[in-house]
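# Chains, contacts and geometry: an overview
In case you want the letters, here they are:
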Amino acid sequence: MPLNSRLPLSATAQASLALLASLIGLPAWSQTSTTPAAAPAATTDAKLGRVEITGSSIKRLESEGALPVQVITREDIAKAGVTTAAEIMATITAGANNLTDGVSIGTGGFKDQMGFNSANLRGIGASSTLVLLNGRRMANFASPGDDSGVDLNNIPAAAIQRVEVLLDGASAIYGTDAIGGVVNFITRKDYQGVQLDAYASRTQEGGAGRRSGSIAGGFGDLARDGFNVFGVLDVQKTDRLSTAQRQFISDLKIPELLPHLLSSAGFPANIRLTSSQRNYLQDQNFKINGKSIVNRTINLSAPNCQPPHTLYLPDGIGGEDACTYDFMRDLELYPKSDKKSFLGRAVADIGGGHQVFAEVSLSSAKTWYVGTSNRVDADVLISGIPVLAATGLGGGDPDATVVVRTRMLEAGNRTSELTSTGNRVVLGATGTMGGWDYDTAFNLSSNRVSDRDVRGYVLYDKVLEGFLSGKLNPFASSGAAGKAYLDSIQVNDEVRRARGTMTSLDFKASKAIAKLDGGDLSMAWGAETRREQTKSHASDLLLSDNITGDWTPGDAQNTDYKRSMWAAYGELVAPVTKELELQAAVRHDHYQNIGGTTNPKLGLRYQPMKSLLVRGSVSTGFRAPSLNDLYRSVRVGSSAILPDPIYCAENDWDLGICALDWTTRTYSNPKLKPERSRQFSTGIVFEPTKGTTLSADYFYLTKRDLISTLGEDVILNNLSKYEPLTHRYSEDEQLAGCDYDPDDNSICFIELQKENRGRLKTSGLDLMADIRGIKTGVGTFGVRLTGTLTLMSKEQTGYGDPYISNLGKFVTRGVVQRWRHRLTLDWERGPFSLALSNHYMSGYEDQNSAIDTNTGTVVGANRVKAYSLWDLSGAWQASDSLTLRAGVKNLGDTSPPFSNQAYFFISGYDPSYTDPRGRAFYVSAQYRFR
């Protein structure tokens, strides 16, 4: 798309672009987001004064670096008032569709990989962003699913010194997963003394408060004593936030705007009559709310029902004779969590220019995801319902029953306790030998995930028995005996567990091998061998299919896979002249049972004057299929509510009949090839004055052989091509679970096969404006703007299929906003400082595809409003040892904008990028002993 095309940006976005334009002196339309010119060190060598930059294996003077790396310092983290790695990633403008706690809200394994918090640079998938800790890999989140990557809960946030985000493909340096970029969390290294940190926050409306505390200590001066030992322990606790604590849930008007996302299972229960039972009651002139009944679903309490969760909505899914359940009034928006982490590091100088080190990282994140109360359809004796029995329904048969559709509020909300535990041990050595700077290490990393059903999940057979016997009352309180019965059948069991391990050994070395006009011709080479293993397991109780609301996943949860790989790589940096530097890198990776792939990268850095830098790179990349992509057993799931054209044609296109949530079966594929990418970037960095840095970088990325399944909507919208993937009861295919019926053309299941299919393309501009040290009579000011303007984001569903764009439009699983920025204004005077920040995401076209099965219509079109949050923080450096800070997050108490998306369990807004906590206040204190 032409750069001068007009884009529908809000006033805030236009003002941000105009600010950058005025600083650079170019038209506002041509500005984009980028990153700082130079990246700080990932590791340091005090003797040489040279550092290793994320994205290169060659050490150089820090001022020489010019990679497109965005840096978040420890001070930036403190100003933002964030305390976790996931919150840090939310401030990165180049990220989109991150996996978050809000996405994990659900019930009974609503989606695979509950609890997985991930980074997603460029919005091309969490599996295409590589996350490192101190430049080395960690074990991926262990639970099986479609995404692979490091769980950000396993990053020891209190130990972070800075975060370096490489916004460029880096497979030539790091191997698989680094297509979208690299996030390198860098911890403190050589620390001495003791530091205490405390943090507390509370929200204005209550809920989601947080307390955290950490202690860091270290002793030994590496240069003087020849050793250093350092450790940091961090403990964090976050409170739950329920829908009842947020006014904006009412303001979203979900019952009026999204009636198709409500439920007919409420409390008091609806009664689901058979056709003959309804006809009999009609003949008896049986009335609800003073009117004769017309539907098969009735509720004896209508029109009172039981607000706010069970409502009388004549046009709702319950109909005019019954009640409708608004599940958004009966769950939590933000989970309770307990998180602990420890990072320890010891380094010793053993002489001769050599050092040995050991690093230990331990973390545990326990999170309680709370969904709705359980629902059930159960038989109840008509004789136990006096108002029905009086009509003669059942013909006097004492065993005659009706079906009740009820919500078991007395059993409590369904609660899953998810624990993600990460362990990593790194033993290594660094130094200089024969003029070569070397770095080698053994890395043993693991992640363990435990998923427990702890409340609200009950034994299915016992529930049915309880309602039939009368122990449980679907219309009112079950009394002490009934509640005791419910307590006796509660499930408190680890239903899923998984463990993944990664063992690696790496070595790299770099050296200046010749003199060129611009400086040293430097070379690096290295090798790595790695072994990955993942195991997951479902409990016998879960496999028995007897947990209400948490149905069996079949064999899909039982996995045991492993593989090995090796890699070798090399890199050259050639300063041809004082102004021109060239970079070349190549890496070959070989995966067991997959084969090898070779990926080169070429880079250019041209600095014609001290104040101007031009840079560019071109590279290829790859992502190896995960073990779950290759070998996982068949997973049974369900689609969103979608129309089947064949079934609809037989039912006069009545969407109330032919639009259903169809059963799906997802199949892995041991013949998958790696995804492959090509990327190109070019940019400029301009420093017109001391303390002012402006930069703009263009990026273009295309990825082919995408590993994915077709969307159910894609299959049903293109049956001429994909009809063989829809298996119908009328087709005698001898498939398990699909009993042949020549008169039934409905779908038994939709086949979702993992395949290499189609391409993905994305492009855009990263921009940055950083002005520091503006001295005035009232203090020193600074301003920093980082932003990303995405120009293209589209994907094919299969080879030869047209591209579908998710740029500024919610498609299937999420959206890539056209414009995202973070603007920070700083002020300092003596020991006092203030920071005012704005985090902005532009509006977009909503999903607009869900079907209201009551009316047989597609939901009304909606455009999601832009989302803009302002934060304020202030600090007082009371002494050399004590720093106090206070702040307000979400100054305007801005609520998430309304969305009709139907992909996430939470409805009414998109939980993947919004924050339901509202205005929050926090204080923190830091004390240092030296």
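Preceding block: the structure.
## Overview of the environment of A584
Tracing the backbone shows A584 in strand β29 (residues 580-591). Accessibility expressed as a relative area gives 30% for A584, which makes it partly exposed. Ignoring anything within four residues of it in the chain, the contact list for A584 reads G570, E571, L572, K601 and L602.

## Section: helix α11 (residues 460-469)
Among all positions in α11, only V463, G466 and F467 are buried. Down the axis, α11 shows its buried residues gathered within 90 degrees of arc, on one side only. Tucked into the core, α11 has its buried residues touching β22 (375-381), β23 (401-407) and α12 (479-488). Trailing α11 by a residue or two, G470 shows a phi angle of about 90 degrees, which is positive.

## Topic: the sheet that holds strand β32 (residues 635-643)
The strand order β32-β33-β38-β37 describes an open sheet built from 4 strands, whose pairing is mixed. Two strands lie at the open edges of the sheet, namely β32 and β37 (726-728), each paired on one side alone. Averaged over all pairs of adjacent strands, the angle between strand axes in this sheet comes to 35 degrees, irrespective of strand direction. Looking at chain direction, β37 and strand β38 (residues 747-753) are connected through 3 bridges and run antiparallel. Looking at the pairing, R728 lines up with I747 of β38.

## Some points on the environment of A158
One can find A158 in the loop between β6 (136-137) and β7 (160-166). Accessibility expressed as a relative area gives 13% for A158, which makes it buried. Counting along the chain gives 75 residues from A158 to L233, while the straight-line C-alpha distance between them is 7.5 Å. Leaving out residues up to four positions away in the same chain, A158 has contacts with R74, R188, S214, V232 and D234.

## Here's the deal with a nonpolar patch on the surface
Together, V194, L196, I215, L233, V235, F342, L362, Y927 and F929 give the surface a local cluster of nonpolar side chains, amounting to about 680 Å² of exposed area. Of all the secondary structure elements, the ones that give two or more residues to the nonpolar patch are β9 (193-203), β11 (227-238) and β51 (920-929). Positionally, L196 belongs in strand β9.

## Brief notes about the sheet that holds strand β16 (residues 297-298)
Read from one edge of the open sheet, 4 strands run β16-β13-β23-β22, paired in antiparallel fashion. The open sheet is flanked by β16 and β22, the only strands paired with a single partner. With 3 bridges connecting them, strand β13 (residues 270-272) and β23 associate as antiparallel partners. Bridging across to β23, R272 finds its partner in V403. Across the face of the sheet, α11 comes into contact with β22 and β23 while running at roughly 35 degrees to β22.

## Let's talk about the state of the cysteines
A covalent bond between the sulfur atoms of two cysteines is referred to as a disulfide. Counted according to the given criterion, the structure contains 2 disulfides. Disulfide partner of C305: C323, at an S-S distance of 2.0 Å. Taking the torsion about the S-S bond as the criterion, the C305 to C323 disulfide, at about -85 degrees, is left-handed. In this pair, C305 is assigned in the loop between β16 and β17 (310-311) and C323 in the loop between β17 and β18 (324-325), connecting sequence segments 18 residues apart. For the pair formed by C305 and C323, the shared burial category is buried. Across a sulfur-sulfur distance of 2.0 Å, C738 and C748 are joined as a disulfide pair. Taking the sign of the S-S torsion, -85 degrees for the link of C738 and C748, the bridge is left-handed. Of this pair, C738 sits in the loop between β37 and β38 while C748 sits in strand β38, placing them 10 residues apart in sequence. Residue C748 is classed as buried on the basis of its relative accessible area, which comes to 6%.

## A short note on the packing of aromatic side chains
The full count for this structure, using the stated rule, is 18 aromatic pairs. The interplanar angle of 70 degrees and the centroid separation of 5.9 Å between the aromatic rings of F219 and F227 together place this pair among those described as edge-to-face. When the ring of F810 is compared with that of F904, the centres are 6.4 Å apart and the planes differ by 90 degrees; the resulting orientation is edge-to-face. Placement of the pair is F810 in the loop between β42 (803-805) and β43 (819-829) and F904 in the loop between β50 (882-889) and β51, with a sequence separation of 94 residues. Taken together through their ring pairs, the aromatic side chains of Y438, F507 and W525 make up a single cluster.

## Considerations on the pattern of salt bridges
Taken as a whole and judged by the stated rule, the model has 43 salt bridges. The salt bridge partner of R405 is D377, with a shortest N-O separation of 3.1 Å. With a gap of 28 residues between them, R405 in strand β23 and D377 in strand β22 connect regions that are remote in the sequence. Its relative accessible area of 30% is what places D377 among the partly exposed residues. D644 is the salt-bridge partner of R728, the closest N and O atoms lying 2.6 Å from each other. Of this pair, R728 sits in strand β37 while D644 sits in the loop between β32 and α15 (645-649), placing them 84 residues apart in sequence. Note on accessibility: R728 and D644 belong to one class, buried. Counted as one network, the salt bridges with shared partners bring together D146, R623, D629, E675, K703 and K754.

Rules used in this analysis
- Residues numbered from 1 in each chain as written.
- Predicted model: local features only at pLDDT ≥ 70, side-chain atom pairs only at ≥ 80, totals over all residues.
- Heavy atoms only, no water.
- Helix = DSSP H or I, 4+ residues; strand = E, 2+ residues; numbered from the N terminus.
- Buried < 20%, exposed > 50% of the residue type's maximum accessible area, 1.4 Å probe, protein only.
- Contact = heavy atoms within 4.5 Å.
- Arc of directions from axis to C-beta.
- Pairing = 2+ DSSP bridges.
- Axes fitted to C-alpha atoms, helices over the stretch in contact; angles between N-to-C directions.
- Patch = residues over 30% accessible without salt bridge, like charges linked within 9 Å, V, L, I, M, F, W, Y side chains within 5 Å.
- Areas by Shrake-Rupley, 256 points an atom, 1.4 Å probe, with all protein chains shown as cover.
- Salt bridge = Lys/Arg side-chain N within 4 Å of Asp/Glu carboxyl O.
- Disulfide = S-S within 2.5 Å.
- Phe/Tyr/Trp six-rings, centres within 6.5 Å; stacked < 30°, edge-to-face > 60°.

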